[in-house]
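This is what each chain is made of:
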Amino acid sequence: MSPNEQILQYPFAYETALEPAAEWTELRGTCPVATITLPDGSQAKLLTRYDDVREMLADPRFTRQDLFGGTGNSQGTATTSAAADTSESPLSVPKHGEDHQRWRRLVGKWLTAKRMAALRPQMAAIADQLLDEMTGRGSSADLKAHFAFPLPVYVICGMLGVPAEDRDRFSYWSDNFLNLTRYSAQERQTAVGELVAYMSGHIAAKRAEPTDDLLSALIEESSGEGEALTDGELLSTGVALLVAGHETTANMIGKMVAMLLADRTRWERLLENPSLIRSTVEEALRFDANGGFGLRRFLTEDVEIGVEVLPNGTTVVCAMAAANRDETAFDNAAEMDLARTPNPHLAFGAGPHSCLGQALARTELQVTLEVLLRRLPSLELDIPATELERLEGLLVGGLSEVPVRW
Amino acid sequence: MKITVDEEKCCGAGQCVLIAPEVFDQRDEDGIVVVLEPEPPHDQHALTREAAAVCPASAIQVHDTP
Ligand code: SF4
């Protein structure tokens, strides 16, 4: 540590919702391994350069720091760790070793690109239905509340075989897990209890009468392999899908649309050339300056980063959003270029623990743009972009509202 | 152009399939990458390179052949 190095409070303050923190450029340039104080008062090291972040995330020796202990296979730990550690988007149970591999394999096969492509029509139908409801009410609305928030939870409900009439209860439960300020501990506990009760009944029903959905398939295939998943594991899977796949995607939909409308020439370019949808989604993921806390790694060995050696025992925070703006990795990193290819951004992490649900998230984001461009070409922000507000109380970054008119 | 993949590294994220579905697929059993076209035709080269560049696990190698 150089003598004049400061210890920075993390996360950093932001001036406006869509702009990156001023510290990033400086740290990437002069202090790639910065010392920070986390909200709980503990110290950690912050990585902001693309190469460092990518290497740390992909290092198979280190997994994320498990702040809350437990492997998430009992109901209690599944829900606490889910609520508390949403900064990493991989579906997170069980976390280590062979169980993790097996679980990842079982669930991963359900989240392949092909399966997600097969879900496209279903996703588009959900999107259309949400827009019918939203546009039926007038010519302006909060896109976050009426579209971005329900869409992913409805998609997950579809995957889990949860009937349409129960979807809004799911949204409520899911929000309760993740929003650390909006609900009281009491409310959260009640919500957790309700979700666990609901899912237990739902799992029992799927055991008795399998249908064409993820849970039924997991039950059948895991028992076919002679190592049936327990109810606890199935429950965790459902919860993990919600936790990993709801709020993150909902917020990303809101931020993506806000970024495209903040400079409306972007939206117009897409209207003219919808074949840019795929690269636009990737660029929105890269450009997102409000990506949340970053991913934590807990070092179990000494590691060299540049000229510095980080000792065993260090907590490292990888700021993917800062890395995604690294000029040495991306030309004109500060520009949102809808046609950027290739775009090896780190929004979903990197390496063996990179987000298992990324094909799902990408497909939802692509479908969102397809449907919005088709249905609401006149879409624009209803307030100046500088007045958009960041959501407080979530570990995943987002906007509190995305007011739009059409 | 020839492609090889490292199945051990692949984490089944499916980025390659989303980008170049004619060249890559994922195994039904576990989502691990499968190469459909080990020597992709010319019109697939750009997408193949893009897939290799963005694979989160750096599991795809592109070898240029004369
Ligand atoms: S993009 Fe890479 S990690 Fe993902 S499925 Fe393809 S080869 Fe595997």
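Residues numbered from 1 in each chain as written. Chains lettered and ligands numbered in written order. Predicted model: local features only at pLDDT ≥ 70, side-chain atom pairs only at ≥ 80, totals over all residues. Heavy atoms only, no water.

## So, the site of the ligand
- The environment of the ligand is formed by B:C10, B:C11, B:G12, B:A13, B:G14, B:Q15, B:C16, B:V33, B:C55, B:P56, B:A57 and B:I60.
- Taken together, the residues of the shell around the ligand sort by class into nine nonpolar, three polar and no charged. (Near = heavy atom within 4 Å. Nonpolar A, V, L, I, M, F, W, Y, C, P; charged D, E, K, R; others polar.)

## Considering the side chain of A:R167
All names here are of chain A.
- Position of R167 among the secondary structure elements: in helix α8 (residues 167-178).
- This buried residue, R167, is left without a salt bridge; D168 holds the nearest opposite charge, at 6.2 Å.
- Leave out the neighbours within four places in its chain, and R167 touches Q129, V153, Y154 and C157. (Helix = DSSP H or I, 4+ residues; strand = E, 2+ residues; numbered from the N terminus. Buried < 20%, exposed > 50% of the residue type's maximum accessible area, 1.4 Å probe, protein only. Lys, Arg positive; Asp, Glu negative; His and termini not counted. Salt bridge = Lys/Arg side-chain N within 4 Å of Asp/Glu carboxyl O. Contact = heavy atoms within 4.5 Å.)

## Here's the deal with the interface of chain B and chain A
- Tallying the contact residues gives 21 residues for chain B and 24 residues for chain A.
- Carbon and sulfur atoms supply 52% of the area that chain B and chain A bury against each other, a total of about 1700 Å² over both sides.
- Among the residues of chain B in contact with chain A, B:C11, B:L18 and B:P56 are the three that bury the most area, contributing 28% of the side total.
- In this structure, the connection of chain B to chain A is made through three salt bridges.
- B:D25 is the partner of A:K114 in a salt bridge, and the nearest nitrogen-oxygen pair spans 3.1 Å. (Buried area = accessible area lost by both parts, 1.4 Å probe.)

## Quick notes on the confidence of the model for chain A
- For chain A, per-residue confidence averages 85 on the pLDDT scale, and residues scoring 70 or more make up 86% of the total.
- Across residues 65-92 of chain A, confidence stays below pLDDT 50; counting only partners more than four residues off in sequence or on other chains, it has 67 contacts. (pLDDT = per-residue confidence, 0-100.)

## Brief notes about the packing of aromatic side chains
Residues and elements named next belong to chain A.
- Applying the stated rule across the entire model yields seven aromatic pairs over all chains.
- Pairing Y10 with F293 gives two aromatic rings, centres 5.2 Å apart and planes at 80°, and the pair type is edge-to-face. Separated by 283 residues along the polypeptide, Y10 in the loop between β1 (8-9) and α1 (23-30) and F293 in the loop between α14 (277-287) and β5 (295-298) bring together distant segments of the chain.
- Of the residues examined, F293 reaches a relative accessible area of 7% and is grouped as buried.
- Each ring, one from F170 and one from Y198, has its centre 5.4 Å from the other, and the planes form 85°; the classification is edge-to-face. With F170 in helix α8 and Y198 in helix α9 (residues 185-208), the pair connects residues that are 28 residues apart, well separated along the chain. (Phe/Tyr/Trp six-rings, centres within 6.5 Å; stacked < 30°, edge-to-face > 60°.)

## Examining the sheet that holds strand β8 (residues 315-318) of chain A
All names here are of chain A.
- Read across the open sheet, the five strands follow the order β1-β2-β3-β8-β5; overall the sheet is mixed. Each end of this open sheet is capped by a strand with a single partner; those strands are β1 and β5.
- For strand β2 (residues 33-37) and strand β3 (residues 43-47), the ladder comprises five bridges, and the chain directions are antiparallel. Within the sheet, the bridge partner assigned to T37 lies in β3 and is Q43.
- Contacts between helix α2 (residues 50-58) and the sheet are confined to β3, β5 and β8, with β8 contributing the most and set at about 120° to the helix. (Pairing = 2+ DSSP bridges. Axes fitted to C-alpha atoms, helices over the stretch in contact; angles between N-to-C directions.)

## A closer look at the confidence of the model for chain B
Residue and element names in this part refer to chain B.
- Across chain B, pLDDT averages 92, with 100% of residues at or above 70.
- The spread of mean pLDDT over the elements of chain B runs between helix α1 (residues 15-19), the lowest at 92, and strand β1 (residues 2-5), the highest at 96.
- Interface confidence for the predicted complex, expressed as ipTM, amounts to 0.81; the pTM equals 0.87.

## Some points on the sheet that holds strand β4 (residues 140-142) of chain A
Residues and elements named next belong to chain A.
- Pairing in this open sheet of three strands is antiparallel, and the strands run β4-β10-β9 from one edge to the other. The sheet is open, and its two borders are formed by β4 and β9 (380-381), each paired with just one other strand.
- The pairing of β4 with strand β10 (residues 403-405) spans three bridges and is antiparallel. Paired with D142 across the bridge in β10 is P403.

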